[in-house]
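Below are the chains, spelled out letter by letter.
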Amino acid sequence: MYNTILVPIDILEDDLTDKMLPHVEALAKIDNPKIHFLTVIPNVEMFFGVEYASLPVSLRESGERIELALAALQDLLKGISVPARQYTLHAVIGSAKNEILSYAKEINADLILMGSHRPDAATFLLGSTAAGIVRHAKTSVMVVR
């Protein structure tokens, strides 16, 4: 059914991850797809502007931030019942929507499986990452709530 599945995970949203993992585990049993877990770290510069220079070096160095994100992602997935040979972990820095769509194209994903909160006034007015992915993805998207 699916050969390559992209699973974007917000490492700060444990509840969404918990809801999504049973779906990942079920899909992993069908045709043994390659699963790519991806976490996107926002650009710190975007939030801090000129104050960026005053941040601790550990927050400014992207390599360390990526390593920390990968460790957090690995911790979130430690109980998953998918063989380690079947999945990979990735972390990037940038805009969540853009990075997810770019990575889906890069790996030629058959499916993007992601969690989303129920819409509220803020996401209705501003849009959510999941809504942006659904609107712009060139492949199937499954949104878990």
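An unreviewed UniProt entry lists the protein under the name Universal stress protein, with Morganella psychrotolerans given as the organism. Word for word, the UniProt comment on the protein under Sequence similarities (unreviewed entry) is "Belongs to the universal stress protein A family."

So, about the packing of helix α5 (residues 96-107) against helix α7 (residues 129-136). Between α5 and α7, the least distance of the axes is 9 Å, while the angle of their chain directions is 40°. Considered as vectors, α5 and α7 are oriented oblique to each other. The two elements α5 and α7 meet at a crossing, and its hand is right-handed. Listed contacts from α7 to A96, K97, I100 and L101 of α5 are T129, G132, I133 and H136. The residue inventory of the contact of α5 with α7, partitioned by class, reads 4 nonpolar, 3 polar and 1 charged.

Here we come to the packing of aromatic side chains. Enumeration according to the criterion identifies 1 aromatic pair in this entry. Plain terms: the ring middles of F37 and Y87 are 5.5 Å apart, the flat faces sit at 85° to each other, and that makes the pair edge-to-face. One end of the pair, F37, is in strand β2 (residues 34-41); the other, Y87, is in strand β3 (residues 87-93), with 50 residues separating them in the sequence. Overall, F37 belongs to the buried group, its relative accessible area being 0%.

Before going further, it helps to examine the nonpolar core. Counting residues in each nonpolar core, the largest one holds 19 residues, and the members touching the most others are I5, V7, V24, I35, F37, I80 and L113. Contributing elements (two or more residues each) for this core: β1 (4-8), α1 (14-28), β2 and β4 (111-115). Core analysis: the second largest hydrophobic core is formed by 14 residues, V40, L101, I112 and A130 among them.

With 7 of its 8 residues buried, β2 lies for the most part within the structure. In terms of strand pairing, β1 meets β2 through 5 bridges, oriented parallel. Bridge pairing in β2 places T4 opposite K34. For the handedness criterion, the β-α-β arrangement of β1, α1 and β2 is classed as right-handed.

So, about the pairing of β4. Counting buried positions over the 5 residues of β4 gives 5, a clear majority of the element. Covered by surrounding structure in β4 are L111, L113 and G115 together with I112 and M114, the residues of both alternating faces. Across 2 bridges, the pairing between β1 and β4 is parallel. Bridge assignment links I5 to a residue of β4, and that residue is L111. Note: β4 against strand β5 (residues 140-144), 5 bridges, orientation parallel. Considered in β5, the bridge of M114 is made with V143.

Attention now goes to the sheet that holds β3. Pairing in this open sheet of 5 strands is parallel, and the strands run β3-β2-β1-β4-β5 from one edge to the other. For this open sheet the edge positions go to β3 and β5, each flanked by a neighbour on one side alone. Here the average twist between neighbouring strands, direction ignored, is 20°. Its contacts with the sheet place α5 against β1, β2, β3 and β4, and it is angled at close to 155° to β2. In this fold α7 packs onto β4 and β5, with an angle of close to 160° to the strand it touches most, β4.

Analysis parameters
Residues numbered from 1 in each chain as written. Predicted model: local features only at pLDDT ≥ 70, side-chain atom pairs only at ≥ 80, totals over all residues. Heavy atoms only, no water. UniProt positions renumbered as here; feature names shortened; annotations may be inferred. Axes fitted to C-alpha atoms, helices over the stretch in contact; angles between N-to-C directions. Helix = DSSP H or I, 4+ residues; strand = E, 2+ residues; numbered from the N terminus. Parallel < 35°, antiparallel > 145°, perpendicular 65-115°, else oblique. Left-handed = near helix turned anticlockwise from the far one by under 90°. Contact = heavy atoms within 4.5 Å. Nonpolar A, V, L, I, M, F, W, Y, C, P; charged D, E, K, R; others polar. Phe/Tyr/Trp six-rings, centres within 6.5 Å; stacked < 30°, edge-to-face > 60°. Buried < 20%, exposed > 50% of the residue type's maximum accessible area, 1.4 Å probe, protein only. Core = buried A, V, L, I, M, F, W, Y, C linked by side-chain atoms within 4.5 Å. Pairing = 2+ DSSP bridges. Right-handed = clockwise from strand over helix to strand, strands pointing away.

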